[in-house]
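# Descriptive structure summary
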Amino acid sequence: MNAFEIRGGKPLKGEIIPQGAKNEALQILSAVLLTPEKVTISNIPDIKDVNKLIELLGDLGVEINRLSKDTYEFTAKNINLEFFQSQTFKAKGGSLRGSIMIVGPLLARFGKAAIPKPGGDKIGRRRLDTHFLGFEKLGAKFVYNPDTNFFNVDATELKGTYILLDEASVTGTANIVMAAVLAKGTTTIYNAACEPYLQQLCKMLNRMGAKISGIGSNLLTIEGVESLSGTTHRMLPDMIEIGSFIGLAAMTGSEITIKDVCYKELGIIPSVFARLGIKMELKGDDLYIPAQENYEIDTFIDGSILTVSDAPWPGFTPDLLSIVLVVATQAKGSVLIHQKMFESRLFFVDKLIDMGAQIILCDPHRATVIGLDKKYNLKGIEMTSPDIRAGVSLLIAALSASGKSVIYNIEQIERGYQDIDTRLRALGADIRRI
């Protein structure tokens, strides 16, 4: 098992460029299956989950041409539908949660698809019902084999319809949108997700010839078209990385400039970190975080303890709650972290408590953090990364801690963060692989 060895307590300094958005990549890459024409995509993050999906597309018969480190051409002219029944597909699809995203495009273009029960992070139940119920509304029929954990889907004729989603799932909305763009008639999706990544997908599909209106709202209208053409697309920077680097700067008392953040697409992320007392300055489209000796958590207007909770966009993304929690451990003041959407994402706090943080885990969804105001440093320990977001939160804690920390299972971190150790070393971090 690979590990990071970190000697913390050092302030960092410099510029860092966020990678392309992982959550956008899984949608955008799947959308290349909607057309036989060439699609060129840039700012693709070089991370394991994304590379696995690119490899899966190649196995399906997509012609792939890598133009540079972050730019690829995809031509899905000759798709091998028999690959669905192979053990290779079962193994690769089952190990990648993002593989569910190929179902919508394949149903739309070919009328059938198959998918093994997807894997992914162990952060609680993450239902796929939203995807499947949406496909069924459009006319798809599912057959699940519990012995093989395989779904076979038949959709010989998808028809537009009214769909009220049971939850504003980003991946569910994206998958249904991709299925609906080639369906006959008009599809209306209410309670649709409206994250910037979903907006990016809809804009790309419209450039390909789709007819999607209501982009950016929770009510999407899709008029089905006969076919889609090729296009070019550049992905947004990863907002989760940007939030992680804001937290890193605060915890380590560092002066860091995050380059090309697409600020208008960050929503309330900067204001949530500002409520923790973190100073930020927008310079062009770069986010400058000055070195701060201390930062103080805001309170509600009546003086009561601040609560930070996740919510569907434009609310605060659940992927950054663990970063907020870690940052709060060294703030002045207290905060209640309420993780509403997943029931196991706070279980990494025991590692922070071992490092000296003052945290009360109220239940699987809530934790109260009493900030140390940097009067007592966290101390380095050995720990294991349970998932991508908790892993990078522990990494930030280790970089701020006194002494040596070792983080095992860093494969989890590398599923979401490209060359993270190399980029941190460029800022002056003492981190190495062991």
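Reference entry: report on the structure contained in this document.

What counts and what doesn't
- Residues numbered from 1 in each chain as written.
- Predicted model: local features only at pLDDT ≥ 70, side-chain atom pairs only at ≥ 80, totals over all residues.
- Heavy atoms only, no water.
- Helix = DSSP H or I, 4+ residues; strand = E, 2+ residues; numbered from the N terminus.
- Polar contact = N/O pair within 3.5 Å; in protein donor to acceptor, adjacent residues only side chain to side chain.
- Contact = heavy atoms within 4.5 Å.
- Pairing = 2+ DSSP bridges.
- Axes fitted to C-alpha atoms, helices over the stretch in contact; angles between N-to-C directions.
- Core = buried A, V, L, I, M, F, W, Y, C linked by side-chain atoms within 4.5 Å.
- Buried < 20%, exposed > 50% of the residue type's maximum accessible area, 1.4 Å probe, protein only.
- Phe/Tyr/Trp six-rings, centres within 6.5 Å; stacked < 30°, edge-to-face > 60°.
- Parallel < 35°, antiparallel > 145°, perpendicular 65-115°, else oblique.
- Nonpolar A, V, L, I, M, F, W, Y, C, P; charged D, E, K, R; others polar.
- Salt bridge = Lys/Arg side-chain N within 4 Å of Asp/Glu carboxyl O.

Relative to the elements of secondary structure, Ser-405 occurs in strand 22 (residues 404–408). In this structure the side chain of Ser-405 is engaged in a polar contact, spanning 3.3 Å, whose partner is the backbone nitrogen of Ile-381. When neighbours within four sequence positions are excluded, Ser-405 is seen to be in contact with Phe-4, Glu-5, Ile-6, Met-355, Gly-380, Ile-381, Met-383 and Ala-398.

The strand order across the open sheet formed by four strands is 17-18-20-19, and the pairing between neighbours is mixed. Both edges of this open sheet fall to strand 17 (306–309) and strand 19 (358–363), since each of them pairs with a single strand only. Strand-to-strand twist across the sheet, computed as the mean angle between neighbouring axes with direction ignored, equals 20 degrees. Note: strand 18 (residues 334–338) against strand 20 (residues 366–370), five bridges, orientation antiparallel. Within strand 20, the position partnered with Ser-334 by the bridge is Ile-370. Along the sheet face, helix 10 (residues 321–328) touches strand 17, strand 18, strand 19 and strand 20 and points at about 160 degrees away from the line of strand 18.

We now examine the nonpolar core. Core analysis: the largest hydrophobic core is formed by 77 residues, its most contacted members being Ile-258, Leu-325, Leu-352 and Leu-395. Among residues more than four places away in sequence, those in contact with Leu-395 are Phe-4, Ile-6, Ile-407, Ile-420, Leu-424 and Ile-431. With 73 residues, the next largest nonpolar core counts Ile-41, Ile-44, Ala-140 and Ala-180 among its residues.

Attention now moves to the pairing of strand 22. Of the pairings in the sheet, the one linking strand 1 (residues 3–7) to strand 22 comprises five bridges and is antiparallel in character. Bridged to Phe-4 within strand 22 is Ile-407. In this sheet, strand 22 lies alongside strand 21 (residues 382–384) in parallel orientation, the contact comprising three bridges. Looking at the pairing, Thr-384 lines up with Tyr-408 of strand 22.

What follows concerns the sheet that holds strand 11 (residues 211–213). Taken together, four strands build an open sheet; the order of strands is 9-10-12-11 and the sheet is mixed. A single partner strand is all that each edge strand has here, and the edge strands are strand 9 (162–164) and strand 11. The average angle at which neighbouring strand axes cross in this sheet is 15 degrees, direction not considered. The pairing of strand 9 with strand 10 (residues 186–190) spans three bridges and is classified as parallel. For Tyr-162, the partnering residue across the bridge sits in strand 10 and is Thr-188.

A complete count under the given rule lists four aromatic pairs for this structure. Measuring from ring centre to ring centre gives 5.8 Å for Tyr-72 and Phe-74, while their planes differ by 20 degrees; the resulting arrangement is stacked. By relative accessible area, Tyr-72 is classed as buried at 8%. Summarising the aromatic geometry, the rings of Phe-132 and Phe-142 are spaced 4.5 Å apart at their centres and angled 40 degrees between planes, so their arrangement reads as tilted. Of this pair, Phe-132 sits in helix 5 (residues 129–137) while Phe-142 sits in strand 7 (residues 141–145); the two residues are ten residues apart in sequence, bridging distant segments of the chain. You can call Phe-132 buried: its relative accessible area is 12%. For Phe-142, a relative accessible area of 18% gives the class buried. Site record: aromatic cluster; members linked through ring pairs are Phe-132, Phe-135 and Phe-142.

Moving on, we come to the packing of helix 6 (residues 170–180) against helix 7 (residues 196–207). Contact geometry of helix 6 with helix 7 gives a least axis separation of 10 Å together with a crossing angle of 10 degrees. If you check the angle between helix 6 and helix 7, you find them roughly parallel. Two secondary-structure elements touch here, helix 6 through Val-170, Thr-173, Ala-174, Val-177 and Met-178 and helix 7 through Leu-198, Leu-201, Cys-202 and Leu-205. Classifying every residue of the contact of helix 6 with helix 7 gives eight nonpolar, one polar and no charged.

Moving on, we come to the environment of Ala-291. With respect to the helices and strands, the residue Ala-291 is situated in the loop between strand 16 (286–289) and strand 17. Separated by 138 residues in sequence, Ala-291 and Val-153 have C-alpha atoms that sit 54 Å apart. In contact with Ala-291, other than residues within four places in its own chain, are Gly-253, Ser-254 and Glu-255.

To continue, consider helix 4 (residues 103–110). Among the eight residues in helix 4, six count as buried, and that is most of the element. Those residues of helix 4 that fall on the buried side of the exposure criterion are Val-103, Gly-104, Pro-105, Leu-106, Leu-107 and Ala-108. Considering only its buried residues, helix 4 is in contact with helix 1 (22–31), strand 6 (112–116), helix 5, strand 8 (150–154) and helix 6. Phi turns positive, to about 80 degrees, at Gly-111, one or two residues after helix 4.

What follows is about the pattern of salt bridges. Overall, the coordinates contain 20 salt bridges when judged by the stated rule. Glu-73 is the partner of Lys-38 in a salt bridge, and the nearest nitrogen-oxygen pair spans 3.6 Å. Highlighted residues: Lys-38 in strand 3 (residues 38–42) and Glu-73 in strand 5 (residues 71–75), separated in sequence by 35 residues. A relative accessible area of 45% places Lys-38 in the partly exposed class. Note that Lys-259 is salt-bridged to Asp-286, the shortest N-O span being 2.7 Å. Here Lys-259, found in the loop between strand 14 (255–258) and helix 9 (269–275), pairs with Asp-286, found in strand 16; they are 27 residues apart in sequence, far enough to count as distant. Sharing partners across several salt bridges, the network here consists of Lys-48, Glu-414, Asp-421, Arg-425 and Arg-433.

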